[in-house]
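For reference, the chains in residue letters:
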Amino acid sequence: MINRTLIRIRVLQELFAYYHNPGKQLAEAEAQLTTSNERTHDLYLHLLTLVPTLTRFHQARLERRRNKLLRTEEDINPNMRLANNRLAQSMEASTTLQEFIRERGLIWSDDDRLLSTLLDEILASDLYREYVTSAPDTFAADAKFWVQAFAGYTFRNEELDEYLEGLSLYWDNPLGVTEKIEVEDKVDIEEVDEVVAGLKGTEYYHAVRLASSPVEIEKEFALKSMRKAKPDTSFDEVIIPAYKDEEDTHLAAELLRTTIVHEEEYREIINKNLRNWDMDRVTDVDMIILQMALAELLSFPTIPTTVTLNEYIELAKIYSTAESGVFVNGLLDSALHQLRNERRILKF
């Protein structure tokens, strides 16, 4: 699912690319934004397909052991609890997930080494031993096992994150880390990786672990769907759509376009509310965040002002400097006071 936090993150990323690529056109930026949001929802669906894939992988292992020449009693009569997991069966039968696999061509079985690593980690856990020996034989217990296995092991596995990053450039920040650098001059988008690498290990480089990166958010949505699964209903009923409603469907493109089209107006408001600070000293990311916040305050009447302020202050803390949260908070508070006095903002 693409919630509003993700929408703001994706718009911020696209605006940063837009302003650091002089030849980029608005229509191109909008198309890129649409694609990034679609691929983000793909990640949610792809993560869900991992449950039936790992279950099939486990079943195939048991069958190979049953058919080998030198067999143990465990090989001949294995514990079939996980192989017969009801949640996995429900997800396997999902029309939505099957259509996603056909349309996108994304399958996990291309990498047996990764599947083996993920499955071995689960099978070696106390969670698995308790599941096969003492958990009640119910759908709820089967679902609870996979939720806990993914939350405690699979979704924390660095090999999985590296694999996802290699599949799609839109599945960024696979380990939930944002890299920050401090430089005097604006860096061209093509040179960012080189500059970041050169500053690692210095006081001008910082890495911040995130709990709200796109990848981590989609993992949480996958777990949420698994928790809501029921024994007597199709898993399709708990799959979350790409957007919550029609308004959110258009929010990303409208926020991007409004921020760009009204750039000069928003910069004037920012400049007017700077206190003992020069516009040239405002970081690129802070400037983009402030412009986005003003766009949302002025052009999106259904979003409460407190929500907007809180969201963009948090974005500044995550994606900009250590002082940016306080700076953005103070400036937006001042700008909001000005715009209310001018009767340009009437919502609360």
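Rules behind the numbers
Residues numbered from 1 in each chain as written. Predicted model: local features only at pLDDT ≥ 70, side-chain atom pairs only at ≥ 80, totals over all residues. Heavy atoms only, no water. Helix = DSSP H or I, 4+ residues; strand = E, 2+ residues; numbered from the N terminus. Buried < 20%, exposed > 50% of the residue type's maximum accessible area, 1.4 Å probe, protein only. Contact = heavy atoms within 4.5 Å. Areas by Shrake-Rupley, 256 points an atom, 1.4 Å probe, with all protein chains shown as cover. Polar contact = N/O pair within 3.5 Å; in protein donor to acceptor, adjacent residues only side chain to side chain. UniProt positions renumbered as here; feature names shortened; annotations may be inferred. Expected span 1.5 Å × (residues − 1). Axes fitted to C-alpha atoms, helices over the stretch in contact; angles between N-to-C directions. Parallel < 35°, antiparallel > 145°, perpendicular 65-115°, else oblique. Nonpolar A, V, L, I, M, F, W, Y, C, P; charged D, E, K, R; others polar. 1 Å grid on protein atoms, 1.4 Å probe; cavity = no way out; pocket = protein on both sides within 12 Å on 5 of 7 lines; lining within 4 Å. Points joined across faces, edges and corners; volume = space filled by probe spheres on them. Phe/Tyr/Trp six-rings, centres within 6.5 Å; stacked < 30°, edge-to-face > 60°. Salt bridge = Lys/Arg side-chain N within 4 Å of Asp/Glu carboxyl O.

A word on the overall build of the protein chain
Scanning the protein chain from N- to C-terminus turns up 17 helices and two strands. Overall size of the protein chain, expressed as C-alpha extent along the three principal axes, is 80 × 45 × 35 Å. Looking at the protein chain as a whole, 49% of its 348 residues are labelled buried. Across the protein chain, contacts joining residues at least 24 apart in sequence account for 78% of those joining residues at least 6 apart. Split by element, the accessible area of the protein chain, about 17,800 Å² in all, is 49% carbon and sulfur.

Observations concerning the side chain of Arg-81
Relative to the helices and strands, Arg-81 is located in the loop between α4 (73-76) and α5 (86-92). In terms of polar contacts, Arg-81 uses its side chain to reach the side chain of Asp-142, at 3.1 Å.

Focus: the UniProt feature "domain: NusB/RsmB/TIM44" (unreviewed entry) in the protein chain
Those places that UniProt annotates as "domain: NusB/RsmB/TIM44" (unreviewed entry) correspond, in this numbering, to residues 243-335. For the annotated span residues 243-335, helix accounts for 74% and strand for 0% of the residues, and the straight-line distance between the end C-alpha atoms is 31 Å.

Observations concerning helix α3 (residues 50-67)
An ideal rise of 1.5 Å per residue puts 26 Å on 18 residues; α3 measures up with 26 Å between its terminal C-alpha atoms. Within α3, the full set of buried residues consists of Leu-50, Val-51, Pro-52, Thr-53, Leu-54, Thr-55, Phe-57, His-58, Arg-61 and Leu-62. Buried residues along α3 sit in contact with α2 (26-48), α5, α7 (112-123), α8 (126-134), α9 (139-152) and α12 (214-228).

Looking at the packing of α2 against α3
For the pair α2 and α3, the least separation of the axes is 4 Å and the interaxial angle reads 30 degrees. Looking at the two axes, α2 sits roughly parallel to α3. Residues His-46, Leu-47 and Leu-48 of α2 pack against Leu-50, Val-51 and Pro-52 of α3. Classifying every residue of the contact of α2 with α3 by side-chain character gives five nonpolar, one polar and no charged.

Considerations on unusual backbone geometry
For Arg-343, which is not glycine, the phi torsion reads 65 degrees and is therefore positive. As for its placement among the helices and strands, Arg-343 is situated in the segment after α17 (324-341). We classify Arg-343 as exposed; its relative accessible area is 61%.

What to know about the layout of surface pockets
The volume enclosed by the second largest pocket comes to roughly 250 Å³. As for the second largest pocket, its lining consists of eleven residues, of which His-58, Leu-62, Arg-65, Glu-74 and Tyr-128 are closest to the centre. Mapped by element, the contributors of at least two residues to the lining of the second largest pocket are α3, α4 and α8. If you tally residues by element for the lining of the second largest pocket, the top one is α3, at three residues.

Here's the deal with the packing of aromatic side chains
Aromatic rings in a pair are described by how distant their centres are and how their planes are angled relative to each other. Evaluation of the coordinates by the stated rule reveals seven aromatic pairs. Aromatic pair Tyr-131 and Phe-145: ring centres 4.3 Å apart, planes at 15 degrees, arrangement stacked. Taken as a pair, Tyr-131 in helix α8 and Phe-145 in helix α9 lie far apart in primary sequence, 14 residues in all. On the basis of relative accessible area, Tyr-131 is assigned to the buried category, the value being 3%. On the basis of relative accessible area, Phe-145 is assigned to the buried category, the value being 2%.

Examining the pattern of salt bridges
Under the definition given, this model contains 24 salt bridges. The salt bridge partner of Glu-342 is Lys-272, with a shortest N-O separation of 3.8 Å. Separated by 70 residues along the polypeptide, Glu-342 in the segment after α17 and Lys-272 in helix α14 (residues 263-272) bring together distant segments of the chain. Residue classification places Glu-342 among the partly exposed residues on the basis of a relative accessible area of 35%.

Overview of the environment of Thr-117
When you line up the elements, Thr-117 lands in helix α7. With 37 residues separating them along the chain, Thr-117 and Thr-154 place their C-alpha atoms 9.5 Å apart.

Considerations on the environment of Ala-17
Within the fold, Ala-17 resides in helix α1 (residues 4-19). A relative accessible area of 17% means that Ala-17 is categorised as buried. Once the C-alpha coordinates of Ala-17 and Lys-144 are considered, the two residues, 127 residues apart in sequence, prove to be 41 Å apart.

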